[in-house]
Amino acid sequence: PRATPDDIETSKDWARCIAYGIVGAYGDVIAGLGSVVRSWKDLTAGWQWAERKPKIDPEVVITISNFIKGPLQKEIGLRHRKRERKYGTMIHFIHLGTQLWSNDWHIYRKPRTRLEVWGQLQMQVFTSARVGEFIQSTCRPGSGRGLYYRDITFGVFRNEDGRAEFAMQVVRDAKNMTFKPDKRPEHSLHEGLQPRPLFCNPILTYLAKFIARRVFRDYKTMDELLSLEPHGDEMFQLHWDPEVLDLPFFQKEDGEIDTANIFSKRVRDLGFRSGYELPPTIHDFRAEGLFLIDKLYSTAQRMKHGGHTDENTHRDHYAPNNAGTDGQGSYFGDKLRSIVNDKFRSMTLCRNPELWQSLPAEKQHELESSPEFIAIEEELEALSLDPRDDSAVTDRRKGLRAEKRKLIAEELRKCRKLQPSRIPSNKGENNLIGYHQTIFSRVRALMPERDRLASRLFTVAPIRSEEGQAVLRDMVSLYQQETEVAVRPGLEPEKCLCLPTEAKRKIDRFVYSLKPFQSSYNTRC
């Protein structure tokens, strides 16, 4: 109870426990040295941001770091191998967006979470930001640091084609710039000149959110905003309502700023549903963004874009080992090609469209027949389900369920590694295993907004077009909904014969049964 990080032996024991507890990657169960060092840095940084008293002695911080890199590394054999650099190229961004909007069987607690997740991902990808620079980082717990409405400038201007266009500029709370706020990177997001599918347009996502939350001071409706026609060559700023200036741009359900661990888990889960055995991370998209910026802009611009203070950081940590050169074409004097290297860079993240989302029946039976699984089931059955149980029984039940989920996840991970991966047929044939891939297509009619968005979002059109406005209305409606299924067919308000007070009740939940497939509704009329 009186343990403190200032005690060297206590901190050494903590580091040793962390090192033994981390499961290594790349098929090696032993943790990597960098992961243990990062855990110690997270502790010391979190202690500082939480303003715990007294502060950790700097000499202790250095001593434990040297202990991890020296004696502990030799004791356990901590691996020096680092995570292989992967690149979130455009095709991976498209795969995630396609899954999220056109074939996603996952139901979020609130429908607006789908827009929030996509809006966060778009901002991270298009600004090459670290995951904790727009939302609260795990290294800054309790700090409330991140992007707020006061850090965003939103405006409308006449673009190169003479059309009205919305754009916004955001300020990144970048790493190592706590005491240099005037040096924080700024990034612009816009509708774009090149025709692209609507789901690729970040302004569309944010505009739906702005309209649903009524965050502008002078313009509240969609028609008012889309009718704006700026004059001259200047940008006209749209001011925020004073009540939202100090609100986080990305919020949790309780109104607090969103956190990096929650967002990272959502992106990881989306990656699994999209067919990635090892899903892309935010840092993978950052690496790709910096690689492209380095090709197109000067070193100074790339450093400012990435939030770097050392020009060698990109070369040492982000640049791919494949330099992107065409030695063969250069030797023969042919036209130089970049597509081959781009494809190999994209292959650092592998996707299987038919990735198993649950255990095959045979493997599931084997797991459920294993001694470990049976022991957990028997202990769970022996525990009381009385809600008046003491906390010890409740905690034990939660722990057993967590162990059960871990066994299933580990078995699924092993099965995925051995799963065959074939080139998808261009004849429309597929070998989809499991029912997950067909869930949305069978129930989409119950969710009119998502049903329409699943097709319209992939239309190539500007926001102000008829298609764009229809999509924007549906996104605003989806953001404002409390449940994915607003009305169960046959129980529409005009058809309901219940008392008026009862008729106002909503569908509580929409749950997909996992075995066998069926849609079940826990509803009250």
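Residues numbered from 1 in each chain as written. Predicted model: local features only at pLDDT ≥ 70, side-chain atom pairs only at ≥ 80, totals over all residues. Heavy atoms only, no water.

A. The arrangement of the overall build of the chain in detail. In terms of regular secondary structure, the chain is built from 20 helices and six strands. Relative to the 2.2 N^0.38 estimate, which gives 24 Å for 525 residues, the radius of gyration of the chain is 26 Å and therefore close to what a compact globule would have. Summarising its shape, the C-alpha atoms of the chain cover approximately 70 × 65 × 60 Å along the three principal directions. Looking at the chain as a whole, 42% of its 525 residues qualify as buried. For the chain, long-range pairs separated by at least 24 residues make up 69% of all intrachain contacts whose partners lie at least 6 apart in sequence. (Helix = DSSP H or I, 4+ residues; strand = E, 2+ residues; numbered from the N terminus. Rg over C-alpha atoms; globule rule 2.2 N^0.38 Å. Buried < 20%, exposed > 50% of the residue type's maximum accessible area, 1.4 Å probe, protein only. Contact = heavy atoms within 4.5 Å.)

B. Broad picture of the pairing of strand E2 (residues 164-171). Counting buried positions along E2 yields six of eight residues, so the element is predominantly enclosed. Examined bridge by bridge, strand E1 (residues 152-158) and E2 share seven bridges and lie antiparallel to one another. Of the residues in E2, the one forming a bridge with Thr 153 is Gln 169. As consecutive antiparallel partners, E1 and E2 are separated by five residues, and within that stretch Gly 162 has a phi angle of approximately 80°, a positive value. Pairing of E2 with strand E3 (residues 186-190), which is carried by five bridges, proceeds in the antiparallel orientation. In the sheet register, Val 170 faces E3, and the bridge partner there is His 187. (Pairing = 2+ DSSP bridges.)

C. Layout of the sheet that holds E2. Read across the open sheet, the four strands follow the order E3-E2-E1-E4; overall the sheet is antiparallel. In the strand order of this sheet, the two ends are held by E3 and strand E4 (236-238), each with one partner. This sheet shows a mean twist of 30° between the axes of neighbouring strands, independent of strand direction. Against the sheet, helix H5 (residues 112-127) contacts E2 and E3, and its axis sits at roughly 120° relative to E3. (Axes fitted to C-alpha atoms, helices over the stretch in contact; angles between N-to-C directions.)

D. Representation of the packing of aromatic side chains within the structure. The full count for this structure, using the stated rule, is 19 aromatic pairs. Taking 5.3 Å as the distance between ring centres and 50° as the angle between the ring planes, the aromatic pair formed by Phe 154 and Phe 216 counts as tilted. Of this pair, Phe 154 sits in strand E1 while Phe 216 sits in the loop between helix H6 (202-213) and helix H7 (222-226); the two residues are 62 residues apart in sequence, bridging distant segments of the chain. Each member of the pair, Phe 154 together with Phe 216, is buried. Seen from their ring centres, Phe 216 and Trp 240 are 5.1 Å apart, and the 5° between their planes marks the pair as stacked. With a gap of 24 residues between them, Phe 216 in the loop between H6 and H7 and Trp 240 in the loop between E4 and helix H8 (260-274) connect regions that are remote in the sequence. When sorted by exposure, Phe 216 lands in the same class as Trp 240, which is buried. One aromatic cluster in this structure is built from Tyr 149, Phe 154, Phe 166, Tyr 206, Phe 210, Phe 216, Trp 240, Phe 249 and Phe 250. Geometry around Tyr 148 places Arg 150 over its ring, the cationic atom sitting 4.5 Å from the centre. (Phe/Tyr/Trp six-rings, centres within 6.5 Å; stacked < 30°, edge-to-face > 60°. Lys NZ or Arg CZ within 6 Å of the ring centre and 35° of its normal.)

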